[in-house]
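Understanding the architecture of this molecule
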Amino acid sequence: MLTKRIIPCLDVKDGKVVKGVNFVGLKEVGDPVELAKKYYLQGADELVFLDITATHEHRDTMVEVVRKVAKEIFMPFTVGGGIRTIEDMRKMLLAGADKVSVNSAAVDHPDLINQGARLFGNQCIVLAVDGKKRADGSGWNVYVHGGRIDTGIDALAWIQEGVERGAGEILLTSMDADGTKAGFDLEFCKAVRDAVSVPVIASGGCGSLEDFYEVFASQSADAALAASLFHYDTVTIEEVKCYLQTKGVPVRL
């Protein structure tokens, strides 16, 4: 049985890791290189970096951050946020990232997924999807630009298309669960996992050790992503993994 992955997420602004609620009230929580080393030593399976101020100038800063981190850690890490072109992908991968994550740009230009997968391999392309349940409860819509714009696109249909185009993994953020600390959106995650054959990373809503267990026990995801819990040392990655092991969830210790 494949082990389940625990993935810390670092939002990077101007070369520093920040945390807020829906990008409001951002506070610096540390240096990305130091936090990456901390999570590596704690036993994280992967890292996700999101550039939340993705103008050209900040992109250069982010490339430098990726380069520094790659020298210090020996585990896969994904970089996303403002990846709009094949050249953006190439820069991040050459700097040391193992995967790149695309979201809004892929919705605007779906062929970006095909091109990236063809040039760098499916395993390098992560399709990030921010989804929210429709008011009538009939399914979920895709939101873009930091969750501000409802595209009207059905999330399951888009994810299936993305996988057909070459995405090797789905980073799924539930906007309904995000920031609630009430647990992952199991219904949404399970629907996506049942719809595609590639790994699904659950994001949004994690507030406790039990939430990690529930997303795996319900077969709703292959990996679980969290930020604040780890940044503020509410729990460590070691604690999460030891807890999951006692509950019979396969993890890499």
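Our subject is the structure listed above.
My aim in this report is to walk through the structure given alongside it, one point at a time. This one's a predicted model, so the numbers in the text were calculated from it and none came from an experiment.

1. Considering the pairing of strand 7 (residues 125-133)
Burial analysis of strand 7 places seven of its nine residues in the buried class, the great majority of the element. Relative to strand 10 (residues 169-174), strand 7 is paired through six bridges, and the arrangement is parallel. Considered in strand 10, the bridge of D130 is made with T173. Note that strand 7 and strand 8 (residues 140-144) share four bridges and pair antiparallel. The residue bridging D130 from the neighbouring strand is Y143, located in strand 8. Hairpin connection, strand 7 to strand 8: the antiparallel pair is bridged by six residues, and G137 has positive phi, about 75°.

2. Topic: the packing of aromatic side chains
According to the stated counting rule, one finds six aromatic pairs in the structure shown. With a centroid separation of 4.7 Å and 15° between ring planes, the pair formed by W140 and F188 is classed as stacked. Residue W140 is found in strand 8, and its partner F188 is found in helix 7 (residues 186-195); the two are separated by 48 residues along the sequence. The pair formed by W140 and F188 is uniform in burial state, with each residue classed as buried. Pairing F184 with F212 gives two aromatic rings, centres 6.2 Å apart and planes at 70°, and the pair type is edge-to-face. Taken together, the positions of F184 in the loop between strand 10 and helix 7 and F212 in helix 8 (residues 209-217) put the pair 28 residues apart, joining distant regions of the chain. A single burial state applies to F184 and to F212, both of which are buried. Through a chain of ring-to-ring contacts, three or more aromatic side chains come together here, namely Y39, F184, F212 and F230. The side chain of K247 reaches across the aromatic face of Y213, ending 4.7 Å from its centre.

Rules and cut-offs
- Residues numbered from 1 in each chain as written.
- Predicted model: local features only at pLDDT ≥ 70, side-chain atom pairs only at ≥ 80, totals over all residues.
- Heavy atoms only, no water.
- Buried < 20%, exposed > 50% of the residue type's maximum accessible area, 1.4 Å probe, protein only.
- Helix = DSSP H or I, 4+ residues; strand = E, 2+ residues; numbered from the N terminus.
- Pairing = 2+ DSSP bridges.
- Phe/Tyr/Trp six-rings, centres within 6.5 Å; stacked < 30°, edge-to-face > 60°.
- Lys NZ or Arg CZ within 6 Å of the ring centre and 35° of its normal.

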